[in-house]
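Chain by chain, the residues run as shown.
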Amino acid sequence: MFSKQEAQQLKKEFWTAFGKSFPRKWLLYDTKVKDFSFKFNADNKKAEVSLDIEMKDEVFRNAYYEKIWSLEDILKDFIGDFQKEEYFTLENGKIIAKIWVEKHGVSIFNKNTWQEIFEFFVEKMDGFERFYYEYEDFIKDV
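What you are looking at is a predicted structure, and each value in this text was computed from that prediction instead of being measured. (Residues numbered from 1 in each chain as written. Predicted model: local features only at pLDDT ≥ 70, side-chain atom pairs only at ≥ 80, totals over all residues. Heavy atoms only, no water.)

Peer 1: Go over the packing of aromatic side chains, please, and point to the residues and values.
Peer 2: Evaluation of the coordinates by the stated rule reveals 25 aromatic pairs. Centre to centre, the rings of F14 and W114 are 5.4 Å apart; their planes meet at 80°, and the pair counts as edge-to-face. Separated by 100 residues along the polypeptide, F14 in helix α1 (residues 4-21) and W114 in helix α4 (residues 114-140) bring together distant segments of the chain. With centroids separated by 5.7 Å and ring planes inclined at 10°, the aromatic side chains of W15 and F121 adopt a geometry described as stacked. Here W15 is found in helix α1, whereas its partner F121 is found in helix α4, with 106 residues between them in sequence. (Phe/Tyr/Trp six-rings, centres within 6.5 Å; stacked < 30°, edge-to-face > 60°. Helix = DSSP H or I, 4+ residues; strand = E, 2+ residues; numbered from the N terminus.)

Peer 1: Please provide a residue-by-residue account of the packing of helix α2 (residues 58-70) against α4, values included.
Peer 2: Following both chains from N to C, one finds α2 and α4 inclined at 130°, their axes separated by 10 Å at the closest point. The angle between α2 and α4 falls in the class oblique. Considering only the axes of α2 and α4, their crossing is right-handed. Residues Y64, K67, I68 and S70 of α2 touch α4, and the partners they reach there are F131, F138, I139 and K140. Its residues assigned to classes, the contact of α2 with α4 comprises 5 nonpolar, 1 polar and 2 charged. (Axes fitted to C-alpha atoms, helices over the stretch in contact; angles between N-to-C directions. Parallel < 35°, antiparallel > 145°, perpendicular 65-115°, else oblique. Left-handed = near helix turned anticlockwise from the far one by under 90°. Contact = heavy atoms within 4.5 Å. Nonpolar A, V, L, I, M, F, W, Y, C, P; charged D, E, K, R; others polar.)

Peer 1: Give a description of the pairing of strand β2 (residues 46-53) that names residues and reports values.
Peer 2: Counting buried positions along β2 yields 8 of 8 residues, so the element is predominantly enclosed. Burial along β2 is two-sided: K46, E48, S50 and D52 and A47, V49, L51 and I53, pointing in opposite directions, are all buried. As paired strands, strand β1 (residues 36-42) and β2 are joined by 7 bridges and run antiparallel to one another. Within β2, the residue paired with K39 across the bridge is S50. Between the end of β1 and the start of β2, which pair antiparallel, lie 3 residues. (Buried < 20%, exposed > 50% of the residue type's maximum accessible area, 1.4 Å probe, protein only. Pairing = 2+ DSSP bridges.)

Everything listed here is a matter of geometry and, on its own, says nothing about what the molecule does.
In structure tokens, the structure reads:
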């Protein structure tokens, strides 16, 4: 087990190593849609790439979710099997819509799995981005 400080340092090293291994500008928050963003996440059990739809207004949040959901089969062609939840509760209690892919059996605290996580991140985020750019006009038309 790591101390809190050791864990923070390892996380910092992880994200630095990822940035150096794959130096590219990712879409992430630059979707031109407020509270509609792509995210990387890794913890001690898994890695995740997600699309988080975080609008406070449930009508708009659901409208964007339904747009993505209407393209389900196409999205699957870009990123493979994925999970989705229209009412996903974050740790802070906030409700968002979320679409994500996970890779289990890896850990941000195990340097031996970092390359596997990096490759997963690149493959899945690239798929999310290509999907978004191809269907951006349709998705934004809410």
